[in-house]
Amino acid sequence: MEELDLLKKDWKKSTASFEQISEIELYKMIHKKSSSIVKWILIISILEILVWSTIGLVFNSDDYLEKISKSGLNTVFQIMNIAGYGITLVFIYLFYRNYVKISTIASTKQLMKDILRTRKTVQYYVYYNLIMIAYSMVVGFIIAFSFSPEIDSLKEKVSSNTSAMAITICILSLVTLFIFGAFWLFYRLLYGRLLRKLLANYKELKKIDL
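Criteria and thresholds
- Residues numbered from 1 in each chain as written.
- Predicted model: local features only at pLDDT ≥ 70, side-chain atom pairs only at ≥ 80, totals over all residues.
- Heavy atoms only, no water.
- Helix = DSSP H or I, 4+ residues; strand = E, 2+ residues; numbered from the N terminus.
- Contact = heavy atoms within 4.5 Å.
- Areas by Shrake-Rupley, 256 points an atom, 1.4 Å probe, with all protein chains shown as cover.
- Polar contact = N/O pair within 3.5 Å; in protein donor to acceptor, adjacent residues only side chain to side chain.
- Buried < 20%, exposed > 50% of the residue type's maximum accessible area, 1.4 Å probe, protein only.

(A) Quick look at the overall build of the chain. Per the secondary structure count, the chain includes six helices and zero strands. When the elements of the chain are put in sequence order from the N terminus, they spell out α-α-α-α-α-α. Intrachain contacts of the chain at a sequence separation of at least 6 include 84% that bridge at least 24 residues. Summing over all exposed atoms, the chain offers an accessible surface of approximately 14400 Å²; the carbon and sulfur share of this is 67%.

Pasting the structure below:
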């Protein structure tokens, strides 16, 4: 009987050791996956600002810039653009900081906190981008109606015809909603997938206790 009791004790110790090793391996796996996800968030945000900058350069018109400069709105638009790039760079820095923190974490609780922090940062970043997209569309419409010669004939019709004005407003509203909705769906698919993976990692971490 004494030998049997000793065997039972040894078996319990082995089981506990096995569970502990399993939890450690699970933590390492989740840690690695979380670090990889945050790295991709950082890479995508950098690629995004490069794409927007390239688009801005390609579609820049010297004629429009000259007209805007004469109107006195050039300074306002430049300040808004600089502020927009500045805020985006701040978000990129935050993504980089989150990546560094998650990559060097040694505590389960701290990793969980950093996952939540990263999720919030990404959500704020998406909200900011959607606001900037809405702002860009409004500015684009203002510039087009104010400085585009192709719009002059439309402005004459709108000013003299109430029905034409209503139709124009409806079309512009639908176009704005469509573009905004397309970007919202794009961000939801792009960043939403990564955020769901982070949330799944967070839930797995809650199940283990290191």
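(B) Structural view of the side chain of Thr88. Along the chain, the position of Thr88 falls in helix α3 (residues 74–103). Looking at Thr88, its side chain comes within polar contact range of the main-chain oxygen of Gly84, at 2.9 Å.

(C) Seen up close, the environment of Gly181. The residue Gly181 is located in helix α6 (residues 162–206) in this model. Residue classification places Gly181 among the partly exposed residues on the basis of a relative accessible area of 29%. Along the backbone, Gly181 and Leu130 are 51 residues apart, and their C-alpha atoms lie at a distance of 9.5 Å.

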